[in-house]
Amino acid sequence: MDKAVVAVLFGGRSSEHSISSATAGGVLRAIDRERFDVIPIGITRDGAFVLEDDDPDKFALDPAHLPEVVDNGTRIVWPDSTLSRELKVSDDSGIRSLGDVDVVFPILHGRFGEDGTVQGFLELLDLPYVGAGLLMSAIGMDKHTTKSILRSAGVPVVPWITVTRRELDRDRDLWERRIRSLGLPVFVKPARAGSSVGVSKVSEWDGLQAALETAFAEDGTVLVEQAVVGREVECGVLQGRDGGAPRVSVAGEIVITGREFYDFDAKYLDAPGIDLVCPADLQPGELAEMQRIAARAFEAVGGEGLSRVDFFFTGTEFFVNEVNTMPGFTPISMFPTCWIASGMAYEDLISELVDLALER
């Protein structure tokens, strides 16, 4: 049987460039080479599509080295119409063919990748791709839109206020009163960023302004969310096969032992103060309720590909915090960990995602 050709797309223009590159390293290492041929395509921080090295070690993540796609002078030439799936690369020696591609795996986090932009580009070329479609990606990237849709679907979410820089400048007193009505502590987040980039916890109101500025540095729209006292639990969701119901993994838990919250360093650089526990210690009825809500949230925002659904659990209620449409696949990421604990090996998870894309 001929191997399917998978173009792995990573890097990108967002602040999560290095995380995307590290995730790609994990996928390049684990993808089933007996079933798939791989074309690694990096996107530089300036948005150039380059042919990258098929070398997982090059994109390993550690505190001393954040992996990056650099401009090596090559350029990927995408198909010139929907009648072709041929990829080419140009360099100093000219243009050569890389052959036809069967599916694109956009391992892109953040803006210009996880937000529907690349998905729209691939739709224009009629190229199958892994993960959420254009609309689901756009919804999932915007925290305000996600929470609004989830609330409309009857999915419990944490109370929040959304404010733009323009609104805040126009009537600061009004917006500060609205924000203060949430009570302390609060979390301040950019509306369209991930990996905890730009997120701050505010425990005293005199820290609000600095937190807003940190978030506004990432996005012109910011969410201020009421902090929920409870456990942080997460689960992975996969689209069902042949029109079937979504599949939900066991739960994992983020146990905070010595940090303010689950920040960037803890997520990706294995910084101390956080323990990741999987499977989480939940009663069977609690896990079943969490999985039911996760599936409902997944379907509410579009129900395609995959997601990681993050919750706060008070002991009696589950509140959905976020729906991540392209969660990290780094060695310490929760999404693959939850599926491994559910009986699906890392390699099989990658194959399943590619097969879902080909089926769709």
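Remember, predicted model here, so these are calculated numbers, not experimental data.

Take helix α9 (residues 284-300) next. An α-helical turn contains 3.6 residues, so any two residues separated by three or four positions project in the same direction. Counted at 1.5 Å a residue, the expected span for α9 with its 17 residues is 24 Å, and the 24 Å between its end C-alpha atoms agrees. Three or more residues of α9 are buried, namely M290, I293, A294, A295, A297 and F298. Looking at the buried residues of α9, the elements they touch are α3 (134-141), α4 (143-152), β12 (231-238), β13 (247-256), β15 (306-313) and β16 (318-324).

Our next topic: the state of the cysteines. This structure, assessed with the given rule, holds 0 disulfides. Lacking any disulfide linkage, C235 is separated from the closest cysteine sulfur, that of C338, by 7.0 Å. Take C235: its relative accessible area is 1%, and that puts it in the buried class. Judged by relative accessible area, which is 1%, C338 ranks as buried.

What follows concerns the pattern of salt bridges. As enumerated under the stated definition, the model contains 23 salt bridges in all. Two residues, D37 and K3, come together in a salt bridge whose shortest N-O distance is 3.7 Å. In this pair, D37 sits in strand β2 (residues 36-43) while K3 sits in the segment before β1 (4-11), placing the two residues 34 residues apart along the sequence. R75 is paired through a salt bridge with D71; the nearest N and O atoms lie 2.9 Å apart. A single network of salt bridges, built from pairs that share partners, joins R35, R241, R247, E352, D355 and E359.

The next subject is the UniProt feature "active site" (unreviewed entry) in the protein. Here the UniProt-annotated "active site" (unreviewed entry) positions come out as E16, S195 and S333. Along the chain, the position of E16 falls in the loop between β1 and α1 (17-30). Residue placement: S333 occurs in the loop between β16 and α10 (334-341). At 3.5 Å, the side chain of S333 forms a polar contact with the backbone oxygen of G328.

Quick notes on the rules
Residues numbered from 1 in each chain as written. Predicted model: local features only at pLDDT ≥ 70, side-chain atom pairs only at ≥ 80, totals over all residues. Heavy atoms only, no water. Helix = DSSP H or I, 4+ residues; strand = E, 2+ residues; numbered from the N terminus. Expected span 1.5 Å × (residues − 1). Buried < 20%, exposed > 50% of the residue type's maximum accessible area, 1.4 Å probe, protein only. Contact = heavy atoms within 4.5 Å. Disulfide = S-S within 2.5 Å. Salt bridge = Lys/Arg side-chain N within 4 Å of Asp/Glu carboxyl O. UniProt positions renumbered as here; feature names shortened; annotations may be inferred. Polar contact = N/O pair within 3.5 Å; in protein donor to acceptor, adjacent residues only side chain to side chain.

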